[in-house]
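Coordinates in review
Now for the letters of each chain:
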Amino acid sequence: MIRCMFSRKLPKLYSRVVHQILRADRQAVCFSTDHCQSIVGAGGTTTSHKKAHHSQVPPVGRNKYCTQPAEALVVSPCLQDPKEDLSQHPAVQRLFQGLKEGHRASLAESITLVESVHRRKRAAAEALLQLVLEHLQQKRVKWKKPSAFRIGLTGPPGAGKSTFIEAFGKFLTDSGHKVAVLAVDPSSSTTGGSLLGDKTRMPELSRDMNAYIRPSPTSGTLGGVNRRTNEAIVLCEGAGYDVILVETVGVGQSEFVVADMVDMFVLLVPPAGGDELQGLKKGIVEVADLVIVNKADGDLLPAARRIQAEYTSALKLIRPRSHVWRPRVIRVSSLTREGIPKAWDRMTGFRNKTWNSGELDMKRRRQHRVWMWNHIQDSMIKLFRQHPGVQRLIDGTEDRVMRGEITPGAAADALLREFQKSPKISNPEPKLDEL
Ligand SMILES: Nc1nc2c(ncn2[C@@H]2O[C@H](COP(=O)(O)OP(=O)(O)OP(=O)(O)O)[C@@H](O)[C@H]2O)c(=O)[nH]1
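Naming follows an unreviewed UniProt entry, where the protein chain appears as Methylmalonic aciduria type A homolog, mitochondrial-like of Branchiostoma belcheri. Recorded under Catalytic activity (unreviewed entry), the UniProt text for the protein chain is reproduced unchanged: "GTP + H2O = GDP + phosphate + H(+)". Its UniProt record gives the protein chain the following Subunit (unreviewed entry) comment, quoted word for word: "Homodimer. Interacts with MMUT (the apoenzyme form); the interaction is GTP dependent."

Looking only at helices and strands, the protein chain has 16 helices and seven strands in total. Counting the 435 residues in the protein chain, one finds 41% classified as buried.

Its place among the elements puts Ser 106 in helix 5 (residues 104-115). C-beta crowding within 10 Å serves as the criterion here: with 20 such atoms nearby, Ser 106 is assigned to the buried category. Here Ser 106 is in contact with Leu 95, Gly 98 and Leu 99, once residues within four sequence places are set aside.

Moving on to the site of the ligand. In the region of the ligand, 16 residues are neighbours, and Pro 157, Gly 160, Lys 161, Thr 163 and Lys 295 sit closest. Its residues assigned to classes, the shell around the ligand shows five nonpolar, eight polar and three charged.

For a regular strand, side-chain orientation follows a simple rule: the groups alternate between the two sheet faces. Burial within strand 2 (residues 179-184) is extensive, with six of its six residues counted as buried. Burial along strand 2 is two-sided: Val 179, Val 181 and Ala 183 facing one way and Ala 180, Leu 182 and Val 184 facing the other are all buried. Across four bridges, the pairing between strand 2 and strand 3 (residues 211-214) is parallel. Following the sheet pairing, Val 179 is matched in strand 3 by Ala 211. Of the pairings in the sheet, the one linking strand 2 to strand 4 (residues 243-249) comprises six bridges and is parallel in character. Paired with Ala 180 across the bridge in strand 4 is Ile 244.

Looking now at the nonpolar core. By size, the foremost hydrophobic cluster in this structure holds 77 residues, and its most contacted members are Leu 128, Ile 151, Leu 235, Cys 236, Ile 244, Val 246 and Val 266. In this structure Ile 151 touches Val 243, Ile 244, Leu 245, Val 262, Asp 263, Met 264, Val 266 and Met 347, once residues within four positions along its chain are discounted. In this structure, Trp 371, Met 372, Ile 376 and Val 401 belong to the second largest nonpolar core, which totals 12 residues.

Moving on to the sheet that holds strand 5 (residues 264-269). Reading across the sheet, the seven strands line up as 3-2-4-1-5-6-7 and stay open at both edges, with parallel pairing between neighbours. Of all strands in the sheet, those with a lone pairing partner are strand 3 and strand 7 (328-331), marking the two edges. On average, each strand axis in the sheet is inclined to that of its neighbour by 20°, with strand direction left out of account. Across the sheet, helix 12 (residues 301-316) is in contact with strand 5, strand 6 (290-293) and strand 7; its angle to strand 7 comes to roughly 175°.

This next bit is on helix 4 (residues 90-100). When helix 4 is considered as a whole, its buried residues turn out to be Val 92, Leu 95, Phe 96 and Leu 99. All buried residues of helix 4 lie within an arc of 100° about the axis, which places them on one face of the element. Along helix 4, exposed side chains directed more than 90 degrees from the buried face belong to Pro 90 and Gln 97. Just past helix 4, the residue Gly 102 takes up positive phi, approximately 75°.

Let us now look at the packing of helix 4 against helix 6 (residues 119-143). Each packed pair of helices is defined by two parameters, the angle between the axes and the distance between the axes. Packing of helix 4 against helix 6 brings their axes to within 10 Å, and their N-to-C directions diverge by 35°. As for the relative orientation of helix 4 and helix 6, their crossing is right-handed in sense. For the pair helix 4 and helix 6, contact is made by Ala 91, Val 92, Leu 95, Phe 96, Leu 99 and Lys 100 and by Ala 124, Ala 127, Leu 128, Leu 131, Val 132 and His 135, respectively. Taken together, the residues of the contact of helix 4 with helix 6 sort by class into 10 nonpolar, one polar and one charged.

Rules behind the numbers
Residues numbered from 1 in each chain as written. Predicted model: local features only at pLDDT ≥ 70, side-chain atom pairs only at ≥ 80, totals over all residues. UniProt positions renumbered as here; feature names shortened; annotations may be inferred. Helix = DSSP H or I, 4+ residues; strand = E, 2+ residues; numbered from the N terminus. Buried ≥ 20, exposed ≤ 12 C-beta atoms within 10 Å, placed from the backbone. Contact = placed C-beta atoms within 7 Å. Near = placed C-beta within 6 Å. Nonpolar A, V, L, I, M, F, W, Y, C, P; charged D, E, K, R; others polar. Pairing = 2+ DSSP bridges. Core = buried A, V, L, I, M, F, W, Y, C linked by C-beta atoms within 7 Å. Axes fitted to C-alpha atoms, helices over the stretch in contact; angles between N-to-C directions. Arc of directions from axis to C-beta. Left-handed = near helix turned anticlockwise from the far one by under 90°.

Below, the structure is given as structure tokens:
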């Protein structure tokens, strides 16, 4: 019990450490365009960096967004030697060709690569992502629209998410679409289990050759899981999947993070109110573009109608986030599959309106910025933990924080001072042999 109380102080310590590292680092991050997300000062010089990037694309407006589509961004590997270019590495080229040809094995291998924590593999993953993003950009210029529609789906446990995805996914593949299902389940990073994206929950879809289901990564921090999901979305898009569903449980923080990765965010609820929905996070309705009341069949139909009316009234009180779309509430039955075509109709309506108005494009640009910060957070905390001086002090400092001898803030400052003495880490570089 005592240990438990003390250990509550530790997240405070780490959040302060991350906050301060990021604050210090903010100066060194290039924000000027969505093309350029390099961390200057981490390898190259500021002047050469400016010459290389900023002279090509003039900054626009107050936020200095350039007018080029967001997919044109260059994902710069922050911890990688800037002189090293792995994009021509045979293994990276092989994966890229496989992706372009839509091979599922190449997609699976590529996602495994971006999930890797191995430094050289991360660098290879960045090179691959850059190739894929450039490829998507070319497609986008040609087709004048993004090649995939990214849909986030959340709902409380038991709402029928997997039954819905199975029915909805089959409807889409039968209509000629290629569907990828990705899961974000932060609990799996602590339990090691993988609840969402479990193929046994979607038996029909998992046998479908036009569908690809990927379980949640089972290790790493929430920030890391988020970053990797972002990257997996891009890879699925690169492999020709035109509808990407990102599933998450609506009881934590992950659904808000998922809302930042997708074009449209859908909330799936069962025909139940009050107690059964207690676990659902407040505020989640506010970020939903569409609410689907599932299980609208048999004896549950009257309750589904009532819940639909309740959500419709609740949504009227919420200020819409879009100028062109008002969130809707519809009923479906994933069992009888009634209402599934209507759900798709609503989704495409949303996509067309937001794309034509430019809102979707702006949303994707902002998401790239969030993605960059997820990346930085994940990398900075790793860098900090690997620092020899910090490593030497960390156990003792944690103990002192837990014993209450020092405040988390003072402890974080001491560790940060140590880190700032020499933020360089000399790590022996492993080889890229297992790629
Ligand atoms: N009557 C009816 N039952 C449904 C429907 N959709 C799902 N169910 C049932 O609801 C239960 C939960 O469905 P799941 O698809 O496992 O729900 P989930 O949201 O994925 O649940 P977790 O795996 O706990 O997150 C199952 O018994 C389903 O058969 C529906 O449209 N109508």
